[in-house]
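These are the residues of each chain, in order.
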Amino acid sequence: SPFVELPAIPIGNTYGGFTNAVMINQHEFIIAPTQQWSGNHLYKYNTKTNEWDRKWKRFRYCDDITFDCETQQIYTIARSSLLIYNLKESNWKEHNHGMRLSVANAFAEAGSIIIDSKLHVLGGLHNASYLIWDSNNNKFKEISKIPQSRTGFRSFGLTHVRSQQKLFIFGGINQDTKASQS
């Protein structure tokens with residue numbers, strides 16, 4: 001069978017789900033909980049040793065997670081803040097200042113992707129913008145509004161097609177109407 005049953009994640013109180021898994025090297029990936037649990041961490045799984053590691057203590061919960069292979073940075077989007085973990089320096093940096101949106105839960109259920117070592121963030125519960133993280137000034141730059149929504153767009157799939165220089169959004173919920181998009 002092509003499926004592997006992993007050992008249980010070393011967590012206490014469980015409910016909710018996880019972000020997509022993100023490969024950080026040839027044998028390890030990370031995931032983060034999407035709901036608040038006791039003792040939340042980023043969880044790293046090693047495919048060679050078949051073990052979980054939770055050495056990266058973190059905040060309450062995570063809406064999206066992505067990894068930049070070139071800079072070796074993990075980006076976690078959490079409700080109204082951005083946390084960046086640098087694997088080379090082994091440190092966290094929290095960025096909740098410089099966010100154009102100070103609304104609670106602005107980035108809940110947002111989507112993010114790394115393109116050419118830049119973090120791109122789209123939507124969220126109270127965000128109808130397409131933003132790029134400016135690491136020099138530690139703030140987001142608004143690129144455009146999401147045309148389908150004035151207040152927020154969430155729960156969608158996202159991919160980048162380099163040959164066309166386009167982002168593709170799949171599905172999602174428009175916060176203006178609370179209706180699913182196709």
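For every chain, the first residue of the written sequence is number 1, and numbering continues from 1 along that sequence. Confidence filtering applies because this is a predicted model: local features only for residues at pLDDT of at least 70, side-chain atom pairs given and counted only at 80 or more, and all residues used for totals across whole chains, interfaces and linings. With hydrogens and water set aside, each side-chain value is computed from the structure's full complement of heavy atoms.

(A) Just the pairing of strand β11 (residues 129-134), in detail. Taken across its six residues, β11 has five buried, putting it largely inside the fold. Looking at chain direction, strand β10 (residues 118-122) and β11 are connected through three bridges and run antiparallel. Bridge pairing in β11 links Val121 to Leu131. With antiparallel pairing between neighbouring strands as the criterion, β10 and β11 make up a hairpin whose turn holds six residues, including Gly123 at a positive phi of roughly 65°. Where β11 and strand β12 (residues 139-145) come together, six bridges link them in antiparallel fashion. Counted as the bridge partner of Ile132 is Lys141 from β12. Strands qualify as paired when DSSP identifies two bridges or more between them. In this description a helix means any DSSP run of H or I spanning at least four residues, a strand means any run of E spanning at least two, and both kinds are numbered starting from the N terminus. Hairpin connection from β11 to β12: four residues lie between these consecutive antiparallel strands, with Asn138 at a positive phi of about 50°. Think of it in three bands: residues with accessible area under 20% of the maximum for their type are buried, residues over 50% are exposed, and the middle band is partly exposed, with areas taken using a 1.4 Å probe on protein chains only.

(B) Inspection of unusual backbone geometry at higher detail. The phi torsion at Gln72 lies on the positive side, around 60°, for a residue other than glycine. Within the fold, Gln72 resides in the loop between β5 (64-68) and β6 (73-78). One non-glycine residue, Ser90, adopts positive backbone phi at about 55°. Structurally, the position occupied by Ser90 is in the loop between β7 (81-86) and β8 (91-95).

(C) Expanded view of the packing of aromatic side chains. Whether two aromatic rings pair depends on their centres lying within 6.5 Å, for rings of Phe, Tyr and Trp, where Trp uses its six-membered ring; planes under 30 degrees apart make the pair stacked, over 60 edge-to-face, and the rest tilted. Per the counting criterion, the structure on display carries six aromatic pairs. Geometrically, the ring pair formed by Trp133 and Phe140 is edge-to-face, given 5.0 Å between the ring centres and 70° between the ring planes. Note on Trp133: relative accessible area 5%, which makes it buried. By way of ring pairs, the aromatic residues Phe29, Tyr45 and Trp52 are connected into one cluster.

(D) Geometry of the sheet that holds strand β9 (residues 111-115). A sheet is described by the order of its strands in space; here four strands give the open sequence β9-β10-β11-β12, paired in antiparallel fashion. Where the open sheet ends on each side, the last strands, each with one partner, are β9 and β12. Averaged over all adjacent pairs, the angle separating strand axes in this sheet is 25°, with direction ignored. Bridge count between β9 and β10: five bridges; the pairing is antiparallel. When the sheet's bridge partners are listed, Ile113 is paired in β10 with His120. Every angle, taken between N-to-C directions, lies between 0 and 180 degrees, and every axis is a line fitted to C-alpha atoms, over only the stretch in contact when it is a helix.

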